Structures are given as C-alpha cells and as structure tokens.
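# Examination of the molecular architecture
Letter by letter, the chains look like this.
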Amino acid sequence: MSAIKRLLIANRGEIATRVARAAGELGIETVLAASAADADSVAATTADRAVVIGPGPSRSSYLRPELIVHAAQATGCDAVHPGFGFLSERASFAELCESEGLTFVGPTANSIRAVGDKLGARALAKTAGVPMASGSGEVRTVDEAREIADGIGYPVITKASAGGGGRGMMVIDEPADLAESYERAATEAREAFGDGRLYLERFLPRARHIEVQVIGDGRGTVLHVGERDCSVQRRHQKMVEEAPAAILDETTRARVHAAAVSLLEPIEYRNAGTVEFLFDEASGDFFFMEVNARLQVEHPVSECVYDVDLVKMQLAVAGGYGLPVGQPDLRPRGHAVEVRILAEDPARGFAPSPGRITRWDPPAGPGVRLDSAVRAGSMVPPYYDSMIAKLIVAGTDRPDALRRLSTALADFSVEGISTNIPLLRRIVADAAYAENTVTTRWLDARAADLTSQEGQA
C-alpha cells in the first residue's frame, strides 16, 4: 500500500536490515547500497538486491550523496531511505534526492535545516515557549566562553551546533578546566561535522535524558509516540533505553509530549523525529536539548509499547498516504527496554573488537526481539560503528521487562569477538538501575567498577 515501488537503502548494519524487512512486508522492492566490506552482510542478503558503491576501508562509501543518488537511479529506485547516521540529517542530501526525482524518506530539507543546527533549534524552541536550560548563542573564543560560563554558573557543557551523538560535548566543572575543554570540544566538532561552532548550556549534574518520539505528515499534524528514558550513557553515548520513562508522573509526561509537538507543528514537520529533553528530578522541571530529524537507534522500544511499526509509518508518509493513525489510536501498553550490543571489549577500555563471529546464539522467548546485523560466520569489519545488534525486551511493567531482559542477556552467547554483553548484564543487575535512580553521569561513574567485576566473572 505505498506509492513507493523500489527503495534504495543508503545505510548498513541492523538498520538497513530493519528497513528492508519493513519495506518487503509492504510489497516494496529494496536495493541496498553497500560498501565492498558489506557486500556479503545480512543486510545485503535481506534486501532484494545489493549494489557496491565503494571500497571497504572507509566510511566515505556511505557519505557520497551523488554516488548514492546515481545508484538509486541506475537501479530504478524511486525513493531513498537514509536510516540513521551517515547522510540521514544532511539537508543537502534530502534536497538532492528530491531534485533528482527521488522521494526522500525523512524530513524535508527545510525541516532538517530548521532543527539540524542546534542553535537554530534553540531559537525555534524559544519561539514555541518550550522550556530551555540557561545557555548561549554561538561562542567564538575561549574568553567569550569564560565570560558566558561565569554568567550561567558552573558546571556548564559545550555542545556542537552542527551535530550530536556526544561529539563536541565536554562537561566543565570549574573555571580552570574551561580553556582546554573548549578547545578539545571545538576540535572534535570540526573533525566530526566539518563545523567547529559551539555553544554553552548549564549542566544539570543529576539529570535524566528523556526524549519524545514524533512523526509528522508534513501538513501540520505531528503525533507523539510516547517518550523514552535514555539516561544510561557512556560518554554521552546511549547504551540502554526504555519506554515509557518511569520517572515521570502523568502530568509531567503530558507536558513533555505537548512541548515536543508544539515545537514541530509550526514548521509542518514531516516523517519521524525525536525531541530530546533533560529532566531534573529534584525540581521536576524539564529542558529542551535538541531535535534529531531522523529515526533513532532506540525507536524499537516505542514500537513495542505502542504496537506500531515506525519504518512502515515513515514509508506511508513518504509515499503520500499520510499518517495511518491518529493520536487517540496511540495508547501505551506495558514497558520495553533496549540494550545495544557492541563489538567492543569493555575490559580493554572499550577497544573495538572486529573479526569473524564463530558463534551467535541469541535469546528467544515471550517479549524478546532482536534487531541484528550479523549471524554465525559474519565478519565484523573494523571500519564502522561497533553496534552489531539491539536486544529489545517487553513486559507488562518495568520489573517484568527487567526480569525478562536479565534472562535474555544470560542466554545470549557470542564467540569469536568480544562484546559488551557481560557489562550489560552487570548494568541490569545493579541496584541503582533496578531501582531507577540512575542519571546521565551514573554509568561513567560506575564503568570502572562494573568492568572490573566483569573481568572477575
């Protein structure tokens, strides 16, 4: 039921596999644009066809807009799904696709521009009356940063205007650390996004990371698909995500949902996106952080709780069918938790662990879902992000979901490479996580102890 007939998937790994399966269930043919290193991947065999767009030892294969558009046209595709990461939030890529007669399965270029620049998104939030933490505009020098930080009050955090994913983010606890941290953050932002612009925000030491899943029809209607708690992070990189956010009361939950929708309705936002907030448990206040104008890694927990398929909804909107449901149809049931399975060795400083998987024995059972990019015999290349799968477990409530997750992690066996599964077992078993008292800084504070326990196991 889609105007899209053949879809080029411009991504790799588990998200490429996920998109191929959803599109296939809608009767849409799929073509995977793959690097040589991914030519024999699970994603390549899941799609109806795969085309090699570049060599293996580089991320650049997935970062060449003209090459991807050419691949789509050469294979007779009429649409492109960017997944997440890579080109998914590049407005110029969305614009190029549309100018070449290809449907871009994502927000419009104008929407990406409106929210993709974090400073622009803060201005949009201010106009919409969405609460924000004290912060600045663009900071150009260390001296300017010092003056602003003195005005905001320590601790502060640097953020990159052009991107997210933890790049360019440095927590500065006291004035003596500002100069070095500012320079490191600017360098990291330049290297990651080609744009070193930074701004400062007041840092909340005991904050929770709460985000709202949204999807819009591009005509002014924006729906929310609930919220997620993504507070278990290592160096600002999410590791465990769950829905709903059990820390919120119903009044605050409704206010957070309304804030996310009110931010994006005025720009007639189209397709999937996430509005991210910090929640200060002590005061009960929440503050806008940023918008991710794409599908998020952690979207499956929202799917499990709301019984929807967000990729199919993306394709319906992109195909011109509009939103298949209304807000009253979106009712949460139960609780879901997702953990990211990484090809890394936490006991060795989270060093990447590429290589061939000799055993892949994932868990199964009621409420267990695995979004995977690998199988036994798969080669994990050293050139890309280390995430190889996502384990999602749903239950009737949070304690039930955590019991099922604990069992699933205990049953998960991988050989041939190192993974973070033993660390995830420790996290889920930790009293602070079980009692839901973690903050965004909790895992960084506990990582050394949890990994040493892992080594003794």
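Our subject is the structure that appears above.
Residues numbered from 1 in each chain as written. Predicted model: local features only at pLDDT ≥ 70, side-chain atom pairs only at ≥ 80, totals over all residues. Heavy atoms only, no water.

In terms of regular secondary structure, the protein chain is built from 15 helices and 22 strands. Counting only C-alpha atoms and orienting by the principal axes, one finds that the protein chain spans roughly 55 × 55 × 45 Å. Residues classed as buried in the protein chain amount to 58% of the 457 residues present. Taking as baseline every contact in the protein chain between residues at least 6 positions apart, the subset at least 24 positions apart corresponds to 66%. Side chains of the protein chain give 49 positive and 62 negative charges; the mean places of these two sets differ by 3 Å. (Helix = DSSP H or I, 4+ residues; strand = E, 2+ residues; numbered from the N terminus. Buried < 20%, exposed > 50% of the residue type's maximum accessible area, 1.4 Å probe, protein only. Contact = heavy atoms within 4.5 Å. Lys, Arg positive; Asp, Glu negative; His and termini not counted. Charge placed at Lys NZ, Arg CZ, Asp CG, Glu CD.)

Another point: the packing of aromatic side chains. On inspection of all chains with the given rule, the structure shows seven aromatic pairs. Centroid distance Phe-277 to Phe-286: 5.5 Å. Interplanar angle 90°. Geometry classified as edge-to-face. Both residues of the pair, Phe-277 and Phe-286, belong to the buried class. Ring plane angle 85° and centroid distance 6.0 Å describe the contact between Tyr-383 and Tyr-384, whose orientation is recorded as edge-to-face. Judged by relative accessible area, Tyr-383 falls into the partly exposed class, the value being 34%. (Phe/Tyr/Trp six-rings, centres within 6.5 Å; stacked < 30°, edge-to-face > 60°.)

Attention now moves to the nonpolar core. Nonpolar side chains in soluble globular proteins tend to be buried together. In terms of nonpolar packing, the biggest core is built from 92 residues, with Leu-7, Leu-8, Leu-263, Leu-264, Phe-277 and Phe-288 touching the most fellow members. Among all residues touching Leu-8, those that are not within four sequence positions of it are Val-31, Ala-33, Ile-68, Ala-71, Ala-72, Thr-75, Cys-77, Ala-79, Val-80 and His-81. Grouped together as the second largest cluster of nonpolar side chains are 36 residues, Ile-341, Leu-391, Phe-412 and Val-438 included. (Core = buried A, V, L, I, M, F, W, Y, C linked by side-chain atoms within 4.5 Å.)

With 16 residues, helix H8 (residues 178–193) extends 22 Å between its outermost C-alpha atoms, agreeing within 8% with the 22 Å of an ideal straight helix rising 1.5 Å per residue. Within the span of H8, buried status applies to Leu-178, Ser-181, Tyr-182, Ala-185, Ala-186 and Ala-189. Along the long axis of H8, the arc covered by the buried residues comes to 130°, so they all point the same way. In H8, the exposed positions angled more than 90 degrees off the buried face are occupied by Glu-180 and Glu-191. Looking at the packing, one finds that the buried side of H8 touches helix H7 (142–152), strand E6 (156–160), strand E7 (170–172) and strand E8 (198–202). Just beyond H8, the residue with positive phi is Gly-194, at close to 70°. (Expected span 1.5 Å × (residues − 1). Arc of directions from axis to C-beta.)

Moving on: the packing of H7 against H8. One way to put it is that H7 packs onto H8 with a least axis distance of 10 Å and a crossing angle of 120°. When the axis of H7 is compared with that of H8, the two are oblique. H8 is crossed by H7, and the crossing has right-handed handedness. Facing H7, whose interface residues are Val-142, Ala-145, Arg-146 and Ala-149, H8 presents Leu-178, Ala-179, Tyr-182 and Glu-183. For the contact of H7 with H8, the class distribution of residues is six nonpolar, no polar and two charged. (Axes fitted to C-alpha atoms, helices over the stretch in contact; angles between N-to-C directions. Parallel < 35°, antiparallel > 145°, perpendicular 65-115°, else oblique. Left-handed = near helix turned anticlockwise from the far one by under 90°. Nonpolar A, V, L, I, M, F, W, Y, C, P; charged D, E, K, R; others polar.)

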